[in-house]
Amino acid sequence: MLIRPVAHSPHLPLVAAWLHAEWWAAGGHALAETAAFLHRATGPGLPCALVAERDGVALGTATLDAEDLPSRPDLSPWLASVLVAPEFRRQGVATALVAEVRRRAAALAYPRLWLFTGGQAAFYASLGWAPEGEDRYRGQPVTLMSCVP
């Protein structure tokens, strides 16, 4: 499996469509805005949007970002936008993406990395993330979690 910045791959339009359908459209953003963000998010600093691929096929995506949860602008950086295409789930793709984001955060010397999730707290806990409380995102309850990169 290869993990690299989305903008350095041929998968930018597909990943933009995934993210737009999953989150960005609900936030009132146009697909072009999602694509523009991915085009800029090349790292090594923040933001850095990644794609996991195998044999030229995009499997999933994750981002190391400066901000993610609007109610917590005091926290940074964030593991954000973790999404694996349905046909590739339960094959270690999300685990590899999370590990790569953690590696990049460590390389940038961040002492703590944050995420929020509406339903995958057990998955992230299995990867070493600790719950830090509850919050709300777009009116829905979410679990705030952190880890040392």
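This report concerns the structure included in the present document. Being a predicted model, the structure only gives us computed values, none of them experimental.

1. With respect to helix 1 (residues 12-24)
Here comes step 1: The end-to-end C-alpha distance of helix 1, which contains 13 residues, comes to just 15 Å, noticeably less than the 18 Å that a straight helix rising 1.5 Å per residue would cover.
Here comes step 2: Within helix 1 the residues assigned to the buried category are Leu 12, Val 15, Ala 16, Trp 18, Leu 19, His 20 and Trp 24.
Here comes step 3: Against helix 2 (31-40), strand 2 (48-54), strand 3 (57-65) and strand 4 (78-84) lie the buried residues of helix 1.

2. Regarding the side chain of His 20
Here comes step 1: Mapped onto the elements of the fold, His 20 is located in helix 1.
Here comes step 2: Once residues lying within four places of it in the same chain are set aside, the contact partners of His 20 are Ala 25, His 29, Ala 30, Leu 31 and Thr 34.

3. Observations concerning the environment of Leu 75
Here comes step 1: Looking at where Leu 75 falls in the secondary structure, it is placed in the loop between strand 3 and strand 4.
Here comes step 2: Since its relative accessible area comes to 9%, Leu 75 is described here as buried.
Here comes step 3: Sequence separation between Leu 75 and Leu 113 is 38 residues; the distance between their C-alpha atoms is 8.5 Å.
Here comes step 4: Beyond its immediate stretch of four places on either side in the chain, Leu 75 contacts Ala 66, Trp 114 and Leu 144.

4. Quick look at the side chain of Ser 9
Here comes step 1: Positionally, Ser 9 belongs in the loop between strand 1 (2-5) and helix 1.
Here comes step 2: A relative accessible area of 11% places Ser 9 in the buried class.
Here comes step 3: A distance of 3.0 Å separates a polar side-chain atom of Ser 9 from the backbone nitrogen of His 11.
Here comes step 4: Among residues more than four places away in sequence, those in contact with Ser 9 are Arg 4, Val 51 and Glu 53.

5. Regarding the pattern of salt bridges
Here comes step 1: Scanning all chains against the criterion turns up four salt bridges.
Here comes step 2: Of the charged contacts, one joins Asp 74 and Arg 72 as a salt bridge, the two residues approaching to 2.8 Å between their closest N and O atoms.
Here comes step 3: We classify Arg 72 as partly exposed; its relative accessible area is 26%.
Here comes step 4: When salt bridges with common partners are traced through the structure, they connect Glu 100, Arg 103 and Arg 104 into a single cluster.

6. Quick word on the pairing of strand 6 (residues 130-137)
Here comes step 1: One ladder, built from seven bridges, connects strand 6 with strand 7 (residues 140-147); its direction is antiparallel. Note on strand 7: the bridge partner recorded for Ala 130 is Ser 146.
Here comes step 2: Between strand 6 and strand 7, which pair antiparallel in sequence order, lie two residues; one of them, Arg 138, sits at a positive phi of approximately 50 degrees.

7. Remarks on the packing of helix 1 against helix 2
Here comes step 1: Contact pair helix 1 / helix 2: the axes reach a minimum separation of 9 Å and the direction vectors enclose 125 degrees. In terms of their interaxial angle, helix 1 and helix 2 are classed as oblique. Two packed elements cross with a definite hand, and for helix 1 against helix 2 that hand is right-handed. Counting all contacts with helix 1, which are made through Leu 12, Val 15, Ala 16, Ala 17, Leu 19, His 20 and Trp 24, the residues of helix 2 involved are Leu 31, Glu 33, Thr 34, Ala 35, Phe 37, Leu 38 and His 39.
Here comes step 2: For the contact of helix 1 with helix 2, the per-class residue count stands at 10 nonpolar, three polar and one charged.

8. A few points about the nonpolar core
Here comes step 1: Counting 38 residues, the largest nonpolar core has Leu 38, Leu 79, Tyr 124 and Trp 129 as its most contacted members.
Here comes step 2: Of all the secondary structure elements, the ones that give two or more residues to this core are helix 1, helix 2, strand 2, strand 3, strand 4, helix 3 (93-107), strand 5 (113-117) and strand 7.
Here comes step 3: Residues within four places of Trp 129 in sequence aside, it is in contact with Leu 79, Val 98, Arg 102, Leu 113, Trp 114, Leu 115, Tyr 124, Met 145, Ser 146 and Cys 147.
Here comes step 4: By size, the runner-up hydrophobic cluster in this structure holds eight residues, among which are Trp 78, Trp 114, Val 142 and Leu 144.

Calculation criteria
Residues numbered from 1 in each chain as written. Predicted model: local features only at pLDDT ≥ 70, side-chain atom pairs only at ≥ 80, totals over all residues. Heavy atoms only, no water. Helix = DSSP H or I, 4+ residues; strand = E, 2+ residues; numbered from the N terminus. Expected span 1.5 Å × (residues − 1). Buried < 20%, exposed > 50% of the residue type's maximum accessible area, 1.4 Å probe, protein only. Contact = heavy atoms within 4.5 Å. Polar contact = N/O pair within 3.5 Å; in protein donor to acceptor, adjacent residues only side chain to side chain. Salt bridge = Lys/Arg side-chain N within 4 Å of Asp/Glu carboxyl O. Pairing = 2+ DSSP bridges. Axes fitted to C-alpha atoms, helices over the stretch in contact; angles between N-to-C directions. Parallel < 35°, antiparallel > 145°, perpendicular 65-115°, else oblique. Left-handed = near helix turned anticlockwise from the far one by under 90°. Nonpolar A, V, L, I, M, F, W, Y, C, P; charged D, E, K, R; others polar. Core = buried A, V, L, I, M, F, W, Y, C linked by side-chain atoms within 4.5 Å.

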